[in-house]
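# Results of the structural survey
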Amino acid sequence: MDNPPATSRPQKTPFLINRNYARLWTGQTISTLGDMVFDTTLVLWIAISIAPNQPWAPLAISGVLIAAA
């Protein structure tokens, strides 16, 4: 009796197979997270400390959000 040839399945490759790409991806993720935290902190600082109850406060906050975008 002949045994049929064993078929090999293609192996799954890891998502971040290239070490340099993984480092770039991780660094960009941390940078984006840091930018989001900074923008939120800046908006809260303007709203709470600099311009509470000022008529120009919404304009200042929208200016920060537009600059962040």
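Structural notes, computed from the coordinates. Quick caveat, the model's predicted, so the values are computed rather than measured.

Together, Trp45, Ile50, Trp56 and Leu59 give the surface a local cluster of nonpolar side chains, amounting to about 460 Å² of exposed area. Inspection of the secondary structure assignment puts Trp56 in the loop between α1 (19–50) and α2 (57–68). For Trp56, a relative accessible area of 40% corresponds to the partly exposed category.

With respect to the secondary-structure elements, Ile61 resides in helix α2. Between the C-alpha atom of Ile61 and that of Trp45, which follows or precedes it by 16 residues, the distance is 9.7 Å. If near-sequence neighbours (up to four positions away) are discounted, Ile61 is found in contact with Val43, Ile46 and Ala47.

Quick look at the environment of Ile46 now. On the secondary structure map, Ile46 appears in helix α1. Owing to a relative accessible area of 10%, Ile46 belongs among the buried residues under this scheme. Between the C-alpha atoms of Ile46 and Ile61, which are 15 residues apart in sequence, the distance is 6.9 Å. Residue contacts for Ile46: discarding those within four places in its chain leaves Ala51, Ala60, Ile61 and Val64.

What counts and what doesn't
Residues numbered from 1 in each chain as written. Predicted model: local features only at pLDDT ≥ 70, side-chain atom pairs only at ≥ 80, totals over all residues. Heavy atoms only, no water. Patch = residues over 30% accessible without salt bridge, like charges linked within 9 Å, V, L, I, M, F, W, Y side chains within 5 Å. Areas by Shrake-Rupley, 256 points an atom, 1.4 Å probe, with all protein chains shown as cover. Salt bridge = Lys/Arg side-chain N within 4 Å of Asp/Glu carboxyl O. Helix = DSSP H or I, 4+ residues; strand = E, 2+ residues; numbered from the N terminus. Buried < 20%, exposed > 50% of the residue type's maximum accessible area, 1.4 Å probe, protein only. Contact = heavy atoms within 4.5 Å.

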